Amino acid sequence: MANHFSALKRARQTERKTTANRANKSRLRNALRSMREAIAKGDRDAAKTALNAAASAVDKGVQKGVLHKNTASRYKARLNARVRAIATK
């Protein structure tokens, strides 16, 4: 364990930030999972609704620093392409 005051403070900050990051990452993964489930069912309307929620969660992940903006853009493009593929079937 840290002994210096500044190191103790950093340990406390790291703990708080780790908890927040874990919650944000979990929220993102849950949104992406529900999106994939909607796509797997083949329900177009549910997939579109889930896409909106997932895109919002991905954008929020960028704001919170959980994802890089290019990664988020790639996720959204691929999810959108999968939803469009359902729509054409």
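Described below are features of the structure shown in this document. Computed from a prediction, not measured in an experiment: that's the story for all the values here.

Below, the discussion takes up the overall build of the protein. Looking only at helices and strands, one finds three helices and zero strands in the protein. Listing each helix as α and each strand as β along the protein from the N terminus yields α-α-α. Over its C-alpha atoms the protein spans a radius of gyration of 18 Å, topping by over 25% the 12 Å that the globule rule assigns to 89 residues. Oriented by its inertia axes, the alpha-carbon framework of the protein measures out at about 65 × 20 × 15 Å. Looking at the protein as a whole, 25% of its 89 residues are labelled buried. A sequence separation of at least 24 residues applies to 54% of the contacts in the protein between residues at least 6 apart.

Mapped onto the fold, Asn24 is located in helix α1 (residues 5-41). A residue is classified by how much of its surface remains accessible, and Asn24, at 14% relative accessible area, is buried. Contacts of Asn24, omitting those with residues within four sequence positions, involve Lys64 and Val66.

Let us look at the pattern of salt bridges. Opposite charge on two side chains makes pairing possible when the charged atoms of those side chains draw close. Taken as a whole, this structure holds one salt bridge when the rule is applied. Among the salt bridges present, the one from Asp59 reaches Lys76, with a minimum N-O distance of 2.8 Å. Linking Asp59 in helix α2 (residues 44-64) with Lys76 in helix α3 (residues 69-88), this pair joins segments that are 17 residues apart in sequence. A relative accessible area of 34% means that Asp59 is categorised as partly exposed.

Its place among the elements puts Glu37 in helix α1. Judged by its relative accessible area of 44%, Glu37 falls in the partly exposed class.

Generally speaking, nonpolar side chains in soluble globular proteins are found buried as a group. With 18 residues, the main nonpolar core has Leu28 and Met35 as its most contacted residues. For this core, the secondary structure elements donating two or more residues are α1, α2 and α3. Apart from the residues lying within four places of it in its own chain, the contact partners of Leu28 are Ala57, Val58, Val66 and Leu67.

Before going further, it helps to spend a moment on the packing of α2 against α3. Two numbers describe how α2 lies on α3: the axes approach to 10 Å, and their chain directions differ by 180 degrees. On the basis of the axis angle, α2 is roughly antiparallel to α3. Residues Arg44, Ala47, Lys48, Leu51, Ala54, Ala55, Val58, Asp59 and Val62 of α2 pack against Lys69, Ala72, Tyr75, Lys76, Leu79, Asn80, Val83, Ile86 and Ala87 of α3. Looking at the contact of α2 with α3 residue by residue, the classes come out as 12 nonpolar, one polar and five charged.

About the cut-offs
In this numbering scheme, every chain counts its residues from 1 along its sequence in written order. Given that the model is predicted, a residue must reach a pLDDT of at least 70 before its local features are reported, and side-chain atom pairs must reach 80 or more before they are shown or counted; all residues, however, enter totals for whole chains, interfaces and linings. The basis for every side-chain value is the complete set of non-hydrogen atoms in the structure, without hydrogens or water. Every helix listed is a DSSP run of H or I at least four residues long, and every strand listed is a run of E at least two residues long, numbered separately from the N terminus. Atoms considered for the radius of gyration are the C-alpha atoms alone. The globule rule reads 2.2 Å times the number of residues to the power 0.38. A 1.4 Å probe rolled over the protein chains alone gives each residue an accessible area, and that area as a share of the maximum for its type sets the label: buried under 20%, exposed over 50%, partly exposed in between. Any pair of residues with heavy atoms lying within 4.5 Å of one another is described as a contacting pair. We count a salt bridge whenever a side-chain nitrogen from Lys or Arg sits within 4 Å of a carboxyl oxygen from Asp or Glu. Among buried residues, the Ala, Val, Leu, Ile, Met, Phe, Trp, Tyr and Cys ones that are joined through side-chain atoms within 4.5 Å form a nonpolar core. Axis definition: a line fit to C-alpha positions, over the contact stretch in the case of helices; interaxial angles, taken between N-to-C directions, run 0 to 180 degrees. Should an angle fall under 35 degrees it is taken as roughly parallel, and over 145 as roughly antiparallel, whereas 65 to 115 is taken as roughly perpendicular and any remaining angle as oblique. By the convention adopted, Pro, Cys, Tyr, Trp, Phe, Met, Ile, Leu, Val and Ala count as nonpolar, Lys, Arg, Asp and Glu as charged, and the other residues, Gly among them, as polar.

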